[in-house]
Amino acid sequence: MSDHTADGLRELVATFLRTHDPSGDRTGFLRARFDAGLAWVHFPPGRGGLGAPAHLQAVVDDAFAEAGAPDNRPRRNSIGLGMAAPTLLRHASEAQCRRWLRPLWTGEEVWCQLFSEPEAGSDLASVRTRAVPDGADWVVEGQKVWTSLAHLARWAILLARTDPDAPKHHGLTYFVCDMTAPGVRVRPLRQATGEAEFNEVFLTGVRIPDSHRVGEVGHGWAVARTTLMNERVAIGGRPLPREGGMVGVLARLWRDRPDLRTGGLHEEVLHAWVRAEAARLAALRLRQLVAAGQPGPEGSAVKLSFAELSQRISGLEVELRGAEGLRHDDWTMRRPAEPDLLGRTATYRYLRARGNSIEGGTSEILRTIIAERVLGLPAEPRVDR
């Protein structure tokens, strides 16, 4: 029986578990799982996979979960797993993949993303952070902003300008930056929720060896597009059960608190539930497409829908709760790895959801991508090209 079937993969997991104790050393177990090709089963052998179809990943993950095996804490390293890993797989050298993929997957090394800048967020190709060659290194000067996980990260994917005289999309190069290197300074950005998930990062004379360049010099935009397409799927296309996520909070509140119900809000809650279910099914379809190849511009639609739904649902919850919905539980300054959308108050969810239409590509930019690349509408005039 081929290992590239559901039954074959279950047997591989069972064989692995007979010689590796899931209750033992966590890191050792995860390293061995990676080496056995049972991390990302669709990645090539030697890179944590078996070259199996991507849709069989769930079979392997479920088999390990049923055995009580530790996972790699995916929420703590969402950028590494969702964005950096697929970019490295497609564009990095064999030596780079050997160095970075295993500790990324095991969670030993957290990753962040140094893309957006104070004047280059929505127009990412306008980044001004410079990388200048100096012998076998590049010397980087600049500032990045809205950097999730920078306070925890060991590595960062970095987009920098290496040719200021070239057209803006052609003068960029993609690097991996050591976040512990001299000249890297991370400062928290406190948000409306009181927390600081995000950071700004100052790069002053940071030296990056040329061996940490991913792709060719000047071809960074093509590499970055791979990251961005995977980012939108990672944000908007997460697998959820029916009534998973914030719509489940709203639905349970409606069922459990009849004293809060009104006729007008009944229609609004029903409408939000239907839209959330449609979005969940669209995300499921998108993940099936991704399993057959690289994500395309369709991921922009899923991410756009996710942002609008999160804001609408969180607003409905606050409206339904009335005065009690205005009480925020805690304004303590924290620096978490990820927002706790389901474990906090309605006010927290409402405030945090405001950022959904900005992070991972603003809703305005995503609408333009959908119009031009999905619907085939005429492109907007661009004076910068």
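Cut-offs and rules
Residues numbered from 1 in each chain as written. Predicted model: local features only at pLDDT ≥ 70, side-chain atom pairs only at ≥ 80, totals over all residues. Heavy atoms only, no water. Helix = DSSP H or I, 4+ residues; strand = E, 2+ residues; numbered from the N terminus. Rg over C-alpha atoms; globule rule 2.2 N^0.38 Å. Buried < 20%, exposed > 50% of the residue type's maximum accessible area, 1.4 Å probe, protein only. Contact = heavy atoms within 4.5 Å. Areas by Shrake-Rupley, 256 points an atom, 1.4 Å probe, with all protein chains shown as cover. Axes fitted to C-alpha atoms, helices over the stretch in contact; angles between N-to-C directions. Left-handed = near helix turned anticlockwise from the far one by under 90°. Nonpolar A, V, L, I, M, F, W, Y, C, P; charged D, E, K, R; others polar. Parallel < 35°, antiparallel > 145°, perpendicular 65-115°, else oblique. Salt bridge = Lys/Arg side-chain N within 4 Å of Asp/Glu carboxyl O. Polar contact = N/O pair within 3.5 Å; in protein donor to acceptor, adjacent residues only side chain to side chain. Core = buried A, V, L, I, M, F, W, Y, C linked by side-chain atoms within 4.5 Å. Phe/Tyr/Trp six-rings, centres within 6.5 Å; stacked < 30°, edge-to-face > 60°. Lys NZ or Arg CZ within 6 Å of the ring centre and 35° of its normal. Patch = residues over 30% accessible without salt bridge, like charges linked within 9 Å, V, L, I, M, F, W, Y side chains within 5 Å. Pairing = 2+ DSSP bridges. Expected span 1.5 Å × (residues − 1). Bend = angle between axes of the 7 residues up to and from the residue.

Asks: Is there a simple way to explain the overall build of the chain in this structure?
Replies: For the chain, the helix and strand inventory stands at 11 helices and 8 strands. Taking 385 residues into account, the globule formula puts the C-alpha radius of gyration at 21 Å, and the chain, at 22 Å, falls close to it. For the chain, buried positions account for 49% of its 385 residues. For the chain, restricting intrachain contacts to residue pairs at least 6 apart in sequence, the fraction spanning at least 24 positions comes to 69%. Accessible surface, the chain as shown: approximately 18,300 Å² in total, 54% of it carbon and sulfur.

Asks: Any chance you could explain the packing of helix 1 (residues 6-19) against helix 3 (residues 57-66) here in plain terms?
Replies: Axis angle and axis distance: for two packed helices, these are the angle between their axes and the distance between the axes, and together they describe the pair. Orientation of helix 1 relative to helix 3, taken along the N-to-C sense of each, is 35°, at an axis distance of 9 Å. Note on packing geometry: the crossing formed by helix 1 with helix 3 is right-handed. For the pair formed by helix 1 and helix 3, the contact residues are A6, L9, R10, V13, F16 and L17 on the first element and V59, V60, A63 and F64 on the second. Along the lines of polarity and charge, the residues of the contact of helix 1 with helix 3 split into 9 nonpolar, no polar and 1 charged.

Asks: For this particular structure, what's the right way to read the packing of helix 4 (residues 78-91) against helix 5 (residues 94-106)?
Replies: Two numbers describe how helix 4 lies on helix 5: the axes approach to 11 Å, and their chain directions differ by 160°. Comparing the axis directions of helix 4 and helix 5 gives the class roughly antiparallel. Of the two possible hands of crossing, helix 4 and helix 5 adopt the one that is left-handed. Residues G80, L81, A84, A85 and L88 of helix 4 form the contact with helix 5, whose own contacting residues are C97, W100, L101, L104 and W105. Among the residues making up the contact of helix 4 with helix 5, the classes are represented as 9 nonpolar, 1 polar and no charged.

Asks: Looking at this structure, I do not really get the pattern of salt bridges. What am I missing?
Replies: As a working rule, side chains carrying opposite charge can pair if their charged atoms are close by. Counted under the stated rule, the structure contains 34 salt bridges. Between E117 and K144 there is a salt bridge, with its nearest N and O atoms 2.9 Å apart. Within this pair, whereas E117 is found in the loop between strand 1 (111-114) and strand 2 (130-134), its partner K144 is found in strand 3 (residues 137-144), the two being separated by 27 residues in sequence. Among the residues examined, E117 registers a relative accessible area of 7% and is labelled buried.

Asks: When you look at the side chain of K303 in this model, what are you seeing that I'm missing?
Replies: Here K303 shows up in helix 9 (residues 298-321). The exposure class assigned to K303 is buried, which follows from its relative accessible area of 0%. Of the polar contacts made by the side chain of K303, one reaches the backbone oxygen of N356; its length is 2.7 Å.

Asks: Where do I start with the environment of S300 in this structure?
Replies: Looking at the secondary structure, you find S300 in helix 9. Separated by 60 residues in the primary sequence, S300 and G360 have C-alpha atoms spaced 9.3 Å apart.

Asks: Teacher, can you tell me more about the nonpolar core here?
Replies: General note: in soluble globular proteins, nonpolar side chains tend to be found buried as a group. Grouped together as the largest cluster of nonpolar side chains are 46 residues, with contacts concentrated most on W40, L88 and W111. Where this core is concerned, the elements lending two or more residues are helix 1, helix 2 (26-35), helix 3, helix 4, helix 5, strand 4 (155-161), strand 5 (172-178) and helix 6 (220-236). Among the elements that line this core, the one with the most residues is helix 5, at 5 residues. Ranked by size, the runner-up nonpolar core spans 23 residues in total, among them I79, M83, A131 and F175.

Asks: Which parts of the structure should I look at to understand the packing of aromatic side chains?
Replies: All told, the structure shown has 11 aromatic pairs when counted by the stated rule. Consider the rings of F34 and W40, whose centres lie 6.2 Å apart with planes at 80°: the pair is edge-to-face. Taking relative accessible area as the criterion, W40 reaches 9% and is therefore assigned buried. Every member of this aromatic cluster is reached through a ring pair, and the members are F16, F29 and F64. Lying over the aromatic face of Y348, R344 brings its terminal NZ or CZ to 4.2 Å of the ring centre. The ring of Y350 has R354 sitting right over it, with the charged end atom 4.1 Å from the ring centre.

Asks: Just to check I follow, could you spell out the environment of R257 for this structure?
Replies: Topologically, R257 is positioned in the loop between helix 7 (246-256) and helix 8 (263-291). Considering only alpha carbons, one finds R257 and L320, 63 residues apart in sequence, at a separation of 9.6 Å. Side chain to side chain, R257 and E324 meet in a polar contact 3.4 Å long.

Asks: I tried to follow a nonpolar patch on the surface on my own but got confused; where do I start?
Replies: Side chains of V374, L375 and L377 sit close together on the surface and give an oily, nonpolar patch of about 280 Å² of accessible area. Residue placement: V374 occurs in helix 11 (residues 363-374).

Asks: Help me out: how do you make sense of the pairing of strand 4 in this one?
Replies: The side chains of a regular strand alternate, first on one face of the sheet and then on the other. When you tally the buried positions in strand 4, you get 7 out of 7 residues, the bulk of the element. The side-chain alternation of strand 4 yields two buried faces, one formed by W155, I157, L159 and R161 and the other by A156, L158 and A160. Sheet topology note: the strand 1/strand 4 ladder contains 4 bridges and is parallel. Note on strand 4: the bridge partner recorded for W111 is W155.

Asks: Explanation requested: unusual backbone geometry in the structure shown.
Replies: A negative phi angle is the norm for most residues apart from glycine, just as the trans form is the norm for most peptide bonds. Even without a glycine there, the phi angle at W146 is positive, about 60°. Residue W146 is classed as exposed on the basis of its relative accessible area, which comes to 51%. Look at L149: it is not a glycine, yet its phi comes out positive at around 70°. Its place among the elements puts L149 in the loop between strand 3 and strand 4.

Asks: What's the story with helix 5 in this structure? I'm lost.
Replies: One turn of an α-helix holds 3.6 residues; hence residues three or four places apart share an orientation. Between its terminal C-alpha atoms helix 5 stretches 19 Å, which fits the 18 Å expected from 13 residues at 1.5 Å a residue. Largest kink in helix 5: about 30°, centred on W100, with the proline P103 one to four residues after it. Along helix 5, the positions that sit buried rather than exposed are Q96, C97, W100, L101, P103, L104, W105 and T106. Packing partners of the buried residues in helix 5 comprise helix 2, helix 4, strand 1, strand 4, strand 5 and strand 8 (213-214). Following helix 5 by one or two positions, G107 has its phi on the positive side, about 85°.

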